[in-house]
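What the coordinates show
For reference, the chains in residue letters:
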Amino acid sequence: MAQIDTQIPASAGRTGLTDTLKVALIGHGIQLSRTPEMHRREGAAQGLSYTYELRDSALGADLTIAQMLDQAQADGLRGVNITHPFKQAALAHLDQLSEAARAVQAVNTVVFRDGKRFGHNTDYWGFSEAFRRGLPNVPRGTVLLLGAGGAGGAVAHALCDLGVETLLIQDVQLERAEALAEVLRARGQTVRVSTEPGTAAASADGIVNASPVGMASLPGTPIPVDLLEPRHWVADIIYFPLETELLPAARARGR
């Protein structure tokens, strides 16, 4: 692994507007993703010659993230987005990290330039901004975070910076939840790892789903819906489907 630096050159993400920008999304089971269409439309709006493709490890050879990054770079892509389950695994194969990516130890964007790989994380900013707009006045005493993976780490840091007093973390991989909790405790945050969803939900003001449960490829709810109470506010970072099973269940209980 090359040394990871927090400083990314200002030109790392720039290209000539006359060139065709070839980029892709790397993930597992992403054939229903809406990301390509969103990016193509934004590229057109910006006047860019832009192509965006899916590179799904679930198809064919079941490639590793190292192999997929190597292939993308060899194919002349300008960069890739990274999604579940590679946001943390990609770190070992990058040259430099932005400050946000280093802080949350996960990336969702990799830019290829001058033979190097520059890792970024926009999940932190994206969740923070959505929270400020959508849930500006909700109580933040205790929040239950479901999922401690790449996206969960970014959301956890964002919740702490948004003023959450006590963060409860639940993940199917207990060691991953514990590792995230230790990072947050080191910055002075009160954090507990939860293995009992009923107990955690009973003490929480709000619940945030940052796990993949609820995606089109992984339907269901991350906790039993009968644990939801009218006093809970609920946020779900999954965007496809826009209405996960969790959200209407929460709405039906009064929030």
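Just so it is clear, the structure is predicted and the values come from calculations on it, not from any experiment.

Bringing the overall build of the protein into the picture now. A tally of regular secondary structure across the protein gives eight helices and 11 strands. On C-alpha atoms alone, the protein measures out to a radius of gyration of 19 Å, which is about the 18 Å that the 2.2 N^0.38 rule sets for 255 residues. Taking the contacts inside the protein whose residues are at least 6 apart along the sequence as the reference set, 68% of them involve residues at least 24 apart. Put simply, the protein shows about 12,400 Å² of open surface, and 52% of that area lies on carbon and sulfur atoms.

Residues Leu159, Leu167, Ile169 and Val208 are the most contacted members of the largest nonpolar core, which totals 25 residues. Here the element with the most residues in this core is helix α5 (residues 150-161); it accounts for five residues. In this structure, Leu167 is in contact with Val143, Leu145, Ala156, Leu159, Cys160, Leu184, Gln189, Thr190, Val191 and Arg192, ignoring residues within four places of it in sequence. Residues Ile65, Ile82, Phe86 and Leu97 belong to the second largest nonpolar core, which totals 18 residues.

Attention shifts here to the packing of aromatic side chains. Considering all chains together, one arrives at three aromatic pairs under this definition. Linked through ring pairs, Phe127, Phe131 and Trp233 together constitute an aromatic cluster.

As a further point, take the sheet that holds strand β2 (residues 49-56). Reading across from one edge, β2-β1-β3-β5-β6-β4 is the order of the six strands in this open sheet, with mixed pairing throughout. Since the sheet does not close on itself, it has two edges, and those belong to β2 and β4 (96-97), each with one partner. For strand β1 (residues 20-27) and β2, the ladder comprises eight bridges, and the chain directions are parallel. Following the sheet pairing, Leu21 is matched in β2 by Tyr50. Here helix α1 (residues 35-45) sits on the sheet in contact with β1, β2 and β3 (79-82), set at roughly 170° to β2.

Calculation rules
Residues numbered from 1 in each chain as written. Predicted model: local features only at pLDDT ≥ 70, side-chain atom pairs only at ≥ 80, totals over all residues. Heavy atoms only, no water. Helix = DSSP H or I, 4+ residues; strand = E, 2+ residues; numbered from the N terminus. Rg over C-alpha atoms; globule rule 2.2 N^0.38 Å. Contact = heavy atoms within 4.5 Å. Areas by Shrake-Rupley, 256 points an atom, 1.4 Å probe, with all protein chains shown as cover. Core = buried A, V, L, I, M, F, W, Y, C linked by side-chain atoms within 4.5 Å. Buried < 20%, exposed > 50% of the residue type's maximum accessible area, 1.4 Å probe, protein only. Phe/Tyr/Trp six-rings, centres within 6.5 Å; stacked < 30°, edge-to-face > 60°. Pairing = 2+ DSSP bridges. Axes fitted to C-alpha atoms, helices over the stretch in contact; angles between N-to-C directions.

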